[in-house]
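# Structural overview
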Amino acid sequence: MNILEQSDEQIRELADIIWSDMVTGANNKDWELYSKYMLDESADEQARAAVEHQWQYSKMFTSLTQEREYLGVLRQDDHVLVLWKQWSTKVDGDFLVMLYLKTIAEEVKVIGSWIR
């Protein structure tokens, strides 16, 4: 399945599943679940150490709500960005989430994520 050929609603449905797993993985400090959809080369020990550092020092990164507000899909050359407004149970305010998805070898993979 090529992500670029999917409708916005199909992309949203898939991205919701992926982000839900990443949120659960982050909240439970579960690297296997958090990195489940990442490229193997992106889920290396260096990346794991960086994420585990965030889990240790960022209250927001381990207290994300499953509730979020979908903002949209942006299509770029070879990938899509899915955007949400996200909240935390421990840190006040709104956070912007961007999930970068790309089709690689017929599978949709996370090639990046950003939360601010």
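Since the model is a prediction, treat every value here as computed from it, not as a measurement.

## Observations concerning the pairing of strand β4 (residues 107-115)
Consecutive side chains along a regular strand alternate between the two faces of the sheet. Sheet topology places strand β3 (residues 95-104) next to β4; 8 bridges connect them, and they run antiparallel. Across the sheet, V97 pairs through a bridge with I115, a residue of β4. In sequence, β3 turns back onto β4 through a hairpin of 2 residues, with A105 there showing a positive phi of about 50°.

## Considerations on the pattern of salt bridges
Across all of its chains, the model carries 7 salt bridges by this definition. Residue R75 pairs with D8 through a salt bridge whose shortest N-O separation is 2.8 Å. Of the two residues, R75 sits in strand β1 (residues 64-75) while D8 sits in helix α1 (residues 8-27), which places them 67 residues apart along the sequence. Taking relative accessible area as the criterion, R75 reaches 38% and is therefore assigned partly exposed. Assessed through its relative accessible area of 37%, D8 is described here as partly exposed. Ionic pairing is found between E69 and K85, a salt bridge with its closest N-O pair at 3.8 Å. Here E69 is found in strand β1, whereas its partner K85 is found in strand β2 (residues 80-88), with 16 residues between them in sequence. A network of salt bridges, in which partner residues are shared, links R12, D16 and R68.

## So, the layout of surface pockets
Size it by volume and the largest pocket reaches roughly 380 Å³. Taken together, the elements giving at least two residues each to the lining of the largest pocket come down to α1, α2 (31-34), α3 (45-57) and β4. If you tally residues by element for the lining of the largest pocket, the top one is β4, at 6 residues. Counted by class, the lining of the largest pocket contains 17 nonpolar, 5 polar and no charged residues.

What counts and what doesn't
- Residues numbered from 1 in each chain as written.
- Predicted model: local features only at pLDDT ≥ 70, side-chain atom pairs only at ≥ 80, totals over all residues.
- Heavy atoms only, no water.
- Pairing = 2+ DSSP bridges.
- Helix = DSSP H or I, 4+ residues; strand = E, 2+ residues; numbered from the N terminus.
- Salt bridge = Lys/Arg side-chain N within 4 Å of Asp/Glu carboxyl O.
- Buried < 20%, exposed > 50% of the residue type's maximum accessible area, 1.4 Å probe, protein only.
- 1 Å grid on protein atoms, 1.4 Å probe; cavity = no way out; pocket = protein on both sides within 12 Å on 5 of 7 lines; lining within 4 Å.
- Points joined across faces, edges and corners; volume = space filled by probe spheres on them.
- Nonpolar A, V, L, I, M, F, W, Y, C, P; charged D, E, K, R; others polar.

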